[in-house]
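Reading the structure
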Amino acid sequence: MIGPEGGFTDAEVETCVQAGVMPVSLGPRILRAETASSAALALLQHRFGDL
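Residues numbered from 1 in each chain as written. Predicted model: local features only at pLDDT ≥ 70, side-chain atom pairs only at ≥ 80, totals over all residues. Heavy atoms only, no water.

Helix and strand counts for the protein come out as 2 helices and 0 strands. In summary, the protein has a C-alpha radius of gyration of 12 Å against a globular reference of 10 Å for 51 residues, an excess of more than 25%. With the principal axes as the frame, the protein shows a C-alpha extent of 35 × 20 × 15 Å. Within the protein, the proportion of its 51 residues that are buried is 4%. As presented, the protein carries roughly 4500 Å² of accessible surface, and 60% of it is formed by carbon and sulfur atoms. (Helix = DSSP H or I, 4+ residues; strand = E, 2+ residues; numbered from the N terminus. Rg over C-alpha atoms; globule rule 2.2 N^0.38 Å. Buried < 20%, exposed > 50% of the residue type's maximum accessible area, 1.4 Å probe, protein only. Areas by Shrake-Rupley, 256 points an atom, 1.4 Å probe, with all protein chains shown as cover.)

We now examine the environment of Met 22. Looking at the element boundaries, Met 22 is found in the loop between helix 1 (10-18) and helix 2 (33-47). Met 22 sits 10 residues away from Arg 32 along the chain, and the two C-alpha atoms are 20 Å apart.

There is a patch of nonpolar side chains on the surface, built from Met 1, Phe 8, Val 13, Val 17 and Val 21 and spanning about 420 Å² of accessible area. Inspection of the secondary structure assignment puts Val 21 in the loop between helix 1 and helix 2. A residue is classified by how much of its surface remains accessible, and Val 21, at 32% relative accessible area, is partly exposed. (Patch = residues over 30% accessible without salt bridge, like charges linked within 9 Å, V, L, I, M, F, W, Y side chains within 5 Å. Salt bridge = Lys/Arg side-chain N within 4 Å of Asp/Glu carboxyl O.)

Turning our eyes to something else, we now look at the pattern of salt bridges. Per the stated rule, a full pass over the model turns up 1 salt bridge. Residue Arg 32 pairs with Glu 34 through a salt bridge whose shortest N-O separation is 3.3 Å. We classify Glu 34 as exposed; its relative accessible area is 55%.

Any functional reading would require information beyond the geometric quantities listed.
This is the structure:
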């Protein structure tokens, strides 16, 4: 799930976790949906040696 521009509330995060969603963070910055996916892919490529 990609959250709203202002982020999820603590209650929303807890509800998602209880529903089986695994929370993942890209750090303290709040990214727009257009850039969050690119940042996540770059981090995964770096982690697994593809970058």
